[in-house]
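# Survey of secondary and tertiary structure
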Amino acid sequence: MIKMKTMTERFNIKQWFLISLLLRLIVMPFTMHDDMMFIYRIPHLLLHSELDVYGISVEQFHSHYYPPFALIFFAFIQFILGFLFPGFEEFTHAIGLLETKALYEAEHFYLSVFLMKLPYLFFDCFLILVCWRMLPSNKSKLNFTIFWAVNPLVIYTTFMFGQFDLIPAFFVVLACYFSLQRGREQYACLCIASGCLFKVFPIVFLPVVLLISSRNIKDFFRFSLYGIVPVLFFYGVFYLISGEATLRLFSAFSYNTKMFIDFKTVILRFSQATVYILLCIHLILYKREQLNYTIIIQYFLVIYLAIYWGLQLSSTHYLTWFVPFLILYVQQRSDWKKPFYFLLLIIFLDGLKPRTGCLGIFAPINPEFFLSLPSLKDVTGFLFDQKTYDLTIGLLF
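The notes below deal with the structure included here. (Residues numbered from 1 in each chain as written. Predicted model: local features only at pLDDT ≥ 70, side-chain atom pairs only at ≥ 80, totals over all residues. Heavy atoms only, no water.)

## Re the overall build of the protein chain
Helices and strands together make up the secondary structure of the protein chain, namely 22 helices and zero strands. Looking at the protein chain as a whole, 51% of its 397 residues qualify as buried. By sequence separation, contacts in the protein chain at least 24 residues apart represent 72% of the contacts at least 6 residues apart. For the protein chain, the accessible surface area stands at approximately 19700 Å², while carbon and sulfur atoms represent 68% of it. (Helix = DSSP H or I, 4+ residues; strand = E, 2+ residues; numbered from the N terminus. Buried < 20%, exposed > 50% of the residue type's maximum accessible area, 1.4 Å probe, protein only. Contact = heavy atoms within 4.5 Å. Areas by Shrake-Rupley, 256 points an atom, 1.4 Å probe, with all protein chains shown as cover.)

Quick look at the structure:
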């Protein structure tokens, strides 16, 4: 009797890697959320010699911008791509002048949207390569690649929605890799600093990375400089230019950082701190020679889960942060695969609540049609109650 091969057995690891690229390339030019326009709007000002970009972001756009590396990186991307594709420069210049609906009619719209997401593709590929280095066998590498290639959360938040959370997530994965590389541990702390300069969250991993990487007190303090000095330097430069406006992004996360709001918040912060302290104690007592990637991946995953206790589920792109570690953990444990699929489904469905996040994400193809279509929350609200969708997703999560 001839045994039929499953889809996962039919393709090898290189073919799954190409499938991953293909799935992302297909959706990149034809999907978009307004957030991506904001990501590129402020760096365009820096590119054109406007240094007080954080001040302008607060005064003119009434919003904070992301940390300094995000600002510099996307300005650099615009410079390179604008030089290679003049139409891209025209489009990014129009972002600050026109509303999103008007941009749909731009001459170089599809090419520009594709190019705006192109940097994400490079980080996506590098993340896969780094994760391969932390996996013990070819089978594990294949399983990871399959999980990553068809992962709806990564494809949706990064290559359809257009958010760049994959970049700081990559630096956390890279920090995890370097933390066990003898003689290269300082790069782990440098990666944490780099990730923190794209989005704030990676800084919570610095103490853990220091405990993993350091062999003595001298190493601990030396490595800590790699994680702290770059952050202070770049924030300091922009603070000298824009003042308090540079730090406004921290107030935007106050719902997840304030200690004393109400009794529930105090309990939440105490629980998060307890988990973190217990993890650090366990790490201190653990012999460094016995540490391996299987163990420290679990450390990183526990910290991510503790962070998410205080995070709003509606911020779907934030949940991209822990997906690499979740896949690294699940792909070696078959009994966790079904809960993993269920969790991804709940997170993915939560992102489909607004029209712009549901079928409206295909607005670049036909804005009037796709933005007029109801979201899943609209449908359940029509059939039952407006709160039904939120309550159901919240309870399941």
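## Side note on the nonpolar core
With 116 residues, the main nonpolar core has Phe-74, Phe-144, Tyr-304 and Phe-325 as its most contacted residues. Ranked by residues supplied to this core, first place goes to helix H8 (residues 109-134) with 14 residues. If we skip the residues at most four places from it in the chain, Phe-144 touches Leu-127, Ile-128, Cys-131, Trp-132, Leu-135, Pro-324, Ile-327, Leu-328 and Gln-331. Counting residues in hydrophobic clusters, the runner-up holds six residues, among them Ala-193, Leu-197, Tyr-235 and Leu-249. (Core = buried A, V, L, I, M, F, W, Y, C linked by side-chain atoms within 4.5 Å.)

## Details of the side chain of Arg-41
Examined against the element boundaries, Arg-41 turns out to sit in helix H3 (residues 34-47). Notably, Arg-41 is buried but unbridged: the nearest opposite-charge side chain belongs to Asp-34, and the N-O separation is 7.9 Å. A polar side-chain atom of Arg-41 sits 3.4 Å from the main-chain carbonyl oxygen of Ile-95. Excluding anything up to four places from it in sequence, Arg-41 contacts Phe-61, Ile-95 and Gly-96. (Lys, Arg positive; Asp, Glu negative; His and termini not counted. Salt bridge = Lys/Arg side-chain N within 4 Å of Asp/Glu carboxyl O. Polar contact = N/O pair within 3.5 Å; in protein donor to acceptor, adjacent residues only side chain to side chain.)

## Points about the environment of Ser-63
For Ser-63, the location among the structural elements is in the loop between helix H4 (53-59) and helix H5 (68-84). Residues in contact with Ser-63, not counting those within four places in the same chain, are Phe-38, Ser-57 and Val-58.

## Digging into the packing of helix H13 (residues 206-213) against helix H14 (residues 217-242)
The interhelical angle for the contact between H13 and H14, taken along N-to-C directions, is 145°, at an axis separation of 10 Å. When you trace H13 past H14, the crossing you get is right-handed. Contacts from Leu-206, Leu-210, Leu-211 and Ser-213 in H13 reach Phe-220, Phe-223, Ser-224, Gly-227 and Ile-228 in H14. A breakdown of the residues in the contact of H13 with H14 according to their chemical character gives six nonpolar, three polar and no charged. (Axes fitted to C-alpha atoms, helices over the stretch in contact; angles between N-to-C directions. Left-handed = near helix turned anticlockwise from the far one by under 90°. Nonpolar A, V, L, I, M, F, W, Y, C, P; charged D, E, K, R; others polar.)

## Examining H13
Burial runs high along H13: six of the eight residues are buried. The complete set of buried residues in H13 reads Leu-206, Val-208, Val-209, Leu-210, Ile-212 and Ser-213. At its buried positions, H13 is contacted by helix H12 (185-196), H14, helix H16 (263-285) and helix H17 (293-308).

## Comments concerning the pattern of salt bridges
Enumeration over the complete set of coordinates arrives at four salt bridges. Across the pair Glu-185 and Arg-215 runs a salt bridge whose closest N-O atoms are separated by 2.7 Å. With Glu-185 in helix H12 and Arg-215 in the loop between H13 and H14, this pair connects stretches of sequence that are 30 residues apart. Glu-185 sits in the buried class, given a relative accessible area of 2%. Between Arg-222 and Asp-219 there is a salt bridge; the shortest N-O distance is 3.3 Å.

## Observations concerning helix H2 (residues 13-27)
Over its 15 residues, H2 extends 22 Å from the first C-alpha to the last, a length consistent with the 21 Å expected when each residue adds 1.5 Å. Among all positions in H2, only Trp-16, Phe-17, Ser-20, Leu-21, Arg-24 and Val-27 are buried. The arc that holds the buried residues of H2, viewed along the axis, is 145°, so those residues lie on one side. Relative to its buried face, H2 has exposed residues pointing more than 90 degrees away, namely Lys-14 and Leu-18. The N-cap residue of H2 is Asn-12: its side-chain oxygen and the backbone nitrogen of Lys-14 are 3.1 Å apart. (Expected span 1.5 Å × (residues − 1). Arc of directions from axis to C-beta.)

## Regarding a nonpolar patch on the surface
Among the surface-exposed residues, Phe-76, Phe-79, Ile-80, Phe-83, Leu-84, Phe-85 and Leu-111 lie close enough to one another that they form a single nonpolar patch of about 720 Å² accessible area. When residues of the nonpolar patch are assigned to their parent elements, the largest contribution, five residues, is made by H5. Relative to the elements of secondary structure, Leu-111 occurs in helix H8. (Patch = residues over 30% accessible without salt bridge, like charges linked within 9 Å, V, L, I, M, F, W, Y side chains within 5 Å.)

## Brief notes about the packing of H8 against helix H11 (residues 166-178)
Helix packing geometry: the angle between the two helix axes and the distance between the axes. Direction vectors running N to C along H8 and H11 enclose 20°, while the axes themselves pass 10 Å from each other. As the angle between them shows, H8 and H11 are arranged roughly parallel. Read as a crossing pair, H8 and H11 show a hand that is left-handed. Touching Tyr-120, Phe-123, Asp-124, Phe-126, Leu-127, Val-130, Cys-131, Arg-133 and Met-134 of H8 are Leu-166, Ile-167, Phe-170, Phe-171, Val-173, Leu-174, Cys-176 and Tyr-177, all from H11. Grouping the amino acids of the contact of H8 with H11 by side-chain chemistry returns 15 nonpolar, no polar and two charged. (Parallel < 35°, antiparallel > 145°, perpendicular 65-115°, else oblique.)

The values are spatial; any link to function lies outside them.
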